[in-house]
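Structural overview
This is what each chain is made of:
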Amino acid sequence: MAWAVPPECTKGDLNRAGKAVRSGEYTPEHVALINQWRASHAFPLNSFQVSLRQRAERVDPASFVAQRLKRFRSIQTKLDRFQKMPLTTMQDIGGCRAVVRRIEHVEELVDRYRNSGDFTVDHDYIKTPKWDGYRSVHLVGRYKSQSEAHRRWEGQSIEIQIRTVLQHIFSTAME
């Protein structure tokens with residue numbers, strides 16, 4: 001697994017890099033640290049995406065799933081928006097989403113995650129939409145290793161978004 005980059009620096013180093021980015025006084029070394037941190041989320045993200053795809057297909061065979069690592073510029077923007085947030089507590093460095101046909105599918109899929117006990121609902125923007133009309137349910141889970149070889153990724157946060165096709169179209173148009 002050459003693409004599976006483990007976290008290689010301390011949380012203190014990462015949070016200092018985040019502060020430097022927030023202040024606008026960052027160096028190429030700070031960028032490299034943050035990019036390595038981003039890359040270290042690829043393995044847990046892939047695990048979450050596979051599980052999400054399986055669960056979503058059981059709920060709605062026409063569902064689709066996508067994944068992404070947050071880009072450096074998006075990390076920078078979020079650090080600016082949340083001035084007190086340490087970089088290491090940002091829960092959506094890695095994220096995936098399931099898009100399903102009906103709101104009942106969203107509810108069923110969210111319930112499956114909620115009942116597993118491994119995920120928490122971070123935001124329910126369907127019950128309480130954002131000011132711009134954005135709707136989706138955001139869940140956060142932490143990677144749990146099934147083997148000793150994967151313990152290095154233990155505890156990394158991944159965000160899962162679940163929404164309908166119509167909500168996805170709106171979200172994409174708003175971007």
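Small disclaimer: the values here were computed from a predicted structure and weren't measured.

Reading the values: rules and limits
- Residues numbered from 1 in each chain as written.
- Predicted model: local features only at pLDDT ≥ 70, side-chain atom pairs only at ≥ 80, totals over all residues.
- Heavy atoms only, no water.
- Helix = DSSP H or I, 4+ residues; strand = E, 2+ residues; numbered from the N terminus.
- Contact = heavy atoms within 4.5 Å.
- Salt bridge = Lys/Arg side-chain N within 4 Å of Asp/Glu carboxyl O.
- Buried < 20%, exposed > 50% of the residue type's maximum accessible area, 1.4 Å probe, protein only.
- Pairing = 2+ DSSP bridges.
- Phe/Tyr/Trp six-rings, centres within 6.5 Å; stacked < 30°, edge-to-face > 60°.
- 1 Å grid on protein atoms, 1.4 Å probe; cavity = no way out; pocket = protein on both sides within 12 Å on 5 of 7 lines; lining within 4 Å.
- Points joined across faces, edges and corners; volume = space filled by probe spheres on them.
- Nonpolar A, V, L, I, M, F, W, Y, C, P; charged D, E, K, R; others polar.
- Expected span 1.5 Å × (residues − 1).
- Arc of directions from axis to C-beta.

Moving on, we get to the environment of His-168. Its place among the elements puts His-168 in helix H6 (residues 165-174). Separated by 70 residues in the primary sequence, His-168 and Ala-98 place their C-alpha atoms 9.5 Å from one another. Setting aside anything within four residues of it in sequence, one finds His-168 in contact with Phe-64, Arg-97, Val-99 and Arg-163.

Inspection of the entire model under this criterion finds ten salt bridges. Taking the shortest distance from any N to any O, the salt bridge between Lys-78 and Asp-92 comes out at 3.0 Å. Within this pair, whereas Lys-78 is found in helix H4 (residues 72-81), its partner Asp-92 is found in the loop between H4 and strand E2 (94-100), the two being separated by 14 residues in sequence. With respect to burial, Lys-78 and Asp-92 carry one shared label: buried. Notably, a salt bridge pairs Glu-148 with Arg-151, separated by 3.4 Å at the nearest N-O pair. Glu-148 sits in the exposed class, given a relative accessible area of 61%. What you see here is one network of salt bridges that share partners, running through Lys-70, Lys-78 and Asp-92.

Another aspect to go through is the pairing of strand E5 (residues 157-164). Of all eight residues making up E5, eight are buried, and the element is well covered by its neighbours. Of the two faces of E5, the one lined by Ser-157, Glu-159, Gln-161 and Arg-163 and the one lined by Ile-158, Ile-160, Ile-162 and Thr-164 are each fully buried. In this sheet, E5 lies alongside strand E4 (residues 137-142) in antiparallel orientation, the contact comprising six bridges. Looking across to E5, one finds that His-138 is bridged to Gln-161.

Attention now moves to the packing of aromatic side chains. The tally for this structure, following the rule as stated, stands at six aromatic pairs. Taking the centre distance of 5.7 Å and the plane angle of 70° together, the rings of Phe-43 and Tyr-143 count as edge-to-face. Of the two residues, Phe-43 sits in helix H3 (residues 42-59) while Tyr-143 sits in the loop between E4 and E5, which places them 100 residues apart along the sequence. Ring centres of Tyr-113 and Phe-119 lie 4.6 Å apart, and the angle between their planes is 85°; on these two criteria the pair is classed as edge-to-face. A relative accessible area of 13% means that Phe-119 is categorised as buried.

This part covers the layout of surface pockets. Considering only enclosed or pocket space, the largest pocket measures out at about 1,100 Å³ in volume. Surrounding the largest pocket, 33 residues form its lining, Lys-70, Arg-81, Asp-92, Lys-130 and Gln-161 being those nearest its centre. Mapped onto the lining of the largest pocket, the elements with two or more residues apiece are strand E1 (64-69), H4, E2, strand E3 (119-124), E5 and H6. Looking at side-chain class alone, the lining of the largest pocket contains ten nonpolar, ten polar and 13 charged residues.

Before going further, it helps to spend a moment on helix H5 (residues 103-116). Here H5 contains 14 residues, and its C-alpha end-to-end distance of 20 Å stays within 8% of the 20 Å for a straight helix at 1.5 Å per residue. Those residues of H5 not exposed but buried are His-105, Val-106, Leu-109, Val-110 and Tyr-113. An end-on view of H5 places all buried positions within 130° of arc, on one side of the element. On its buried face, H5 sits against H3, E2, E3, E4 and E5. Positive phi shows up at Gly-117, right after H5, with a value of about 80°.

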